[in-house]
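Examination of the molecular architecture
If you want the building blocks of each chain, they are given just below.
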Amino acid sequence: YKEIRRDVNIITPEQALEAGIIAGARAQNWENEIGSLEKGKKADLIVVDTDKWGWVPMYDFSIVPNIVYCGMGTDVRTTIIDGKIVMEDRVVKTVNEEEWIKKGQKVGERVAAKSGLNKKIKPRWPIT
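Nothing here was measured: the structure is a model prediction, and the numbers come from that model.

Let us look at the environment of Lys-39. Tracing the backbone through its elements, the reader meets Lys-39 in the loop between helix 2 (13-27) and strand 1 (45-48). A residue is classified by how much of its surface remains accessible, and Lys-39, at 88% relative accessible area, is exposed. Remark: the alpha-carbon pair of Lys-39 and Asp-89, spanning 50 residues in sequence, is separated by 26 Å.

We now examine helix 2. Taken as a whole, helix 2 carries its principal kink of about 45° at Ala-19. Within helix 2, the full set of buried residues consists of Pro-13, Gly-24 and Ala-25. At its buried positions, helix 2 is contacted by helix 3 (63-70).

A cis amide bond links Val-56 with the next residue in sequence, Pro-57, at an omega value of 0°. Checked against the element boundaries, Pro-57 lands in the loop between strand 1 and helix 3. Of note in this structure, Asp-89 is not a glycine but carries a positive phi near 50°. Of note, Asp-89 is situated in the loop between strand 3 (84-88) and strand 4 (91-92). In this structure Asp-89 comes out as partly exposed when scored by relative accessible area, which is 47%.

How each quantity is defined
Residues numbered from 1 in each chain as written. Predicted model: local features only at pLDDT ≥ 70, side-chain atom pairs only at ≥ 80, totals over all residues. Heavy atoms only, no water. Helix = DSSP H or I, 4+ residues; strand = E, 2+ residues; numbered from the N terminus. Buried < 20%, exposed > 50% of the residue type's maximum accessible area, 1.4 Å probe, protein only. Bend = angle between axes of the 7 residues up to and from the residue. Contact = heavy atoms within 4.5 Å.

Below is the structure:
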């Protein structure tokens, strides 16, 4: 949004992060339950691994810009939902991740077979 207008201050990284969290909760009329860390609200948190190339250099003033501009889902190390740890050190605690990956592959194969796409679409590069 800001690049096309050539004004880096139209939406700051801090405003963008707040829009996704605080304003997002307000837009859903849930600001009394979520959107900020306060007593009585649901505690959803992530712990991010910042020891990666995309996060350096890291300074106090660059934490939020790094989250907004450089952060990816693969940087999340631990996830806490409503106060419960659901992923710790990148290991999902609530489901068997390997089992769900296999199920997802099988569902994809069934959809491709039923639609006929598995026979219509050929790889552009040879598979050996």
